Amino acid sequence: MRPLLLKKWGIMEQILTERTEVEEVAGSDKHYVARFGSFILRLGPEDTSPEDVHAALVSALGADNRVTVVDKGSANHEWTSQSTFYPSTPKTQPDELLSGASHFHTMRFSDAIMFEVHVPGKNQPVIHGEVPEIDSYFVAWDGCTAVVMWEPESRDGLTSPATGQVAVEILRRACVTSGQSLYVQACSPACQHLFAHREFKVDFWSGEDFDTGFSVEDVRDISLTVKGPFEGGLDVVEAVHDEIKMPAAEFAELKNTARRILDIESSARSMSFELIGHDYETLKRSQEGLYRRLRYFLGDAWMAVRGKGRVRRANLLIASLWLAMANMETLQQVFRDIDRGYQESISRWAVPELFATDLKSEEAEVASLDPHFARAAIEHKTKRMDNRVVVWATIAGAGMGAAVTAVVGGLSAAPK
């Protein structure tokens, strides 16, 4: 087992080398299964202090009849942090992507709020046609990451994807009741499984000293050992949350930034296709007869008078593409900065296997994305526009030259 950082009471770092023979025979005092997810507190328009937001959330959770116990935790609001996140939905408009107008502000408390949930399985959400077989959960949530933990019926049983989803409904209602909202960041906007796709086993031993440690046998079998003077499930779920909250918060921000970059890249690609499509349509029109070309010309002239001409649209697309590429490069640097903190966190507090499945390959590669297609489209269109200007200038110059020659010739031929 890897070195463990004993941080709860400032105990020095030590290595847990082996369990005693008694523990190996008797097993842990309690066995749980846990899931975590990025359930992000989205602040409302009102400027509210962290203390007021925290108190309103605790009150809203306590008023929910599905919640049996609430522990407000020991949040130190001097360490409460606020960040900027971006939604990733098919409804995000290109202008919102380019301007960043769709961003929202978040709040993450220094320590989690804990609560216990009891809902009969038949009254919980159904995911992919499956219902959960668990009625009670322990939850810890700090405004960014929620850990949902339960006692399984057996150590080796398969977990329904619906297990724990009811906690998301409870968090969503509490946020709305307190004047805020909840942004759920699943592996993708369309995924119904709102948690990360990697759950883990939690073995708890009661003892005087606090100790935790992850172990990974394979990517499907991740275990967390928790040892300490805890009295119940809420204490244990708080310890589990403490163990992953730093890398989980940076993972959420990393994934959010990656999705924003990919959304901008997708929008830039669509604009590039439209820009190239203008030239294709122009070349296609050139194959038409004189009458049709005249109709196209008059139609374009009318659209230009209305402020919707093809040239104006092309210029707007070029400007938008430059702005998109500038945004991408800026966010790519932000992504690299966050990734450095994330890599450090998972090496100290958790294990990469917890997050690898949900940090998809395309998201992991956004730092090296190169919008070469957009640049090529701009260069191609700009060159054609410049050539067209040169042609029209040549024609106009030739016409002016002919007119001047005619005038000069006429003056020369005039009787003196």
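Please read all numbers here as calculations on a predicted model, not as lab measurements.

Cut-off values and rules
Each chain has its residues counted from 1, following the order in which its sequence is written. With the structure being a predicted model, the display of local features is reserved for residues of pLDDT at least 70 and the display and counting of side-chain atom pairs for 80 or more, all residues being used for whole-chain, interface and lining totals. By convention in this description, side-chain values take in all heavy atoms of the structure and omit both hydrogens and water. Starting at the N terminus, helices and strands are each numbered in turn, a helix being any DSSP run of H or I of at least four residues and a strand any DSSP run of E of at least two. For the exposure calls, accessible area comes from a 1.4 Å probe over protein chains only, and a residue counts as buried if that area is under 20% of its type's maximum, exposed if over 50%, partly exposed in between. Using a 1.4 Å probe, accessible areas were evaluated by the Shrake-Rupley method; residue-level cover was limited to the displayed protein chains. Strands are treated as partners if at least two bridges between them are detected by DSSP. Pairing of aromatic rings covers Phe, Tyr and the six-membered ring of Trp, with a centre-to-centre limit of 6.5 Å; geometry is then stacked below 30 degrees between planes, edge-to-face above 60, and tilted otherwise. Cation placement over rings: the criterion is NZ of Lys or CZ of Arg within 6 Å of the ring centroid and within 35° of the ring normal. Residue contacts follow a heavy-atom distance rule, with two residues in contact if any of their heavy atoms lie within 4.5 Å. The set of buried Ala, Val, Leu, Ile, Met, Phe, Trp, Tyr and Cys residues whose side-chain atoms join them within 4.5 Å is what this entry labels a nonpolar core.

A. The arrangement of the overall build of the protein in detail. Within the protein, the regular secondary structure consists of 10 helices and 11 strands. In the protein, which comprises 416 residues, the share counted as buried stands at 45%. Counting every atom, the protein has about 22,100 Å² of accessible surface; 55% of that belongs to carbon and sulfur.

B. Main features of the pairing of strand β8 (residues 181–185). For β8, the tally of buried residues reaches four of five residues, placing the bulk of the element in the interior. With five bridges connecting them, strand β1 (residues 30–42) and β8 associate as antiparallel partners. Bridge assignment links F39 to a residue of β8, and that residue is V184.

C. Layout of the packing of aromatic side chains. This model, assessed by the stated rule, comprises 11 aromatic pairs. Judged by centre distance (5.1 Å) and plane angle (40 degrees), the ring pair of F251 and F355 falls under tilted. Of this pair, F251 sits in helix α5 (residues 233–285) while F355 sits in helix α8 (residues 353–356), and the two are 104 residues apart along the sequence. Look at F251 and you get buried, because its relative accessible area is 3%. An aromatic cluster of at least three residues, connected via ring pairs, comprises F36, F251, Y342 and F355. Just above the ring of F104 sits the side chain of R42; from NZ or CZ to the centre is 4.3 Å.

D. View of unusual backbone geometry. Its identity as a non-glycine residue notwithstanding, H128 has a phi of 55 degrees, on the positive side. Here H128 falls in the exposed class, since its relative accessible area comes to 55%.

E. Here's a closer look at the side chain of T106. Position of T106 relative to the elements: it lies in strand β4 (residues 104–108). For T106, the residues in contact, after removing those within four places along its chain, are I40, L41, L43, S81, Q82, S83 and F85.

F. Structural view of the nonpolar core. F200, F214, V240, L354 and F355 are the most contacted members of the largest nonpolar core, which totals 54 residues. The element best represented in this core is α5, accounting for 16 residues. Excluding anything up to four places from it in sequence, F355 contacts F36, P247, A248, F251, Y342, I346 and A350. Counting residues in each nonpolar core, the second largest holds 35 residues, with F39, L41, M107 and W150 among its members.

G. Structural context of the pairing of strand β9 (residues 200–206). Counting buried residues along β9, five of its seven residues qualify, which places the element largely inside the surrounding structure. Where β1 and β9 come together, five bridges link them in antiparallel fashion. By the bridge assignment for β9, V33 is matched with K201. Where β9 meets strand β11 (residues 221–228), six bridges bridge the pair, whose relative direction is parallel. For F204, the partnering residue across the bridge sits in β11 and is V226.

Without other data, these values stay purely geometric and don't point to any function.
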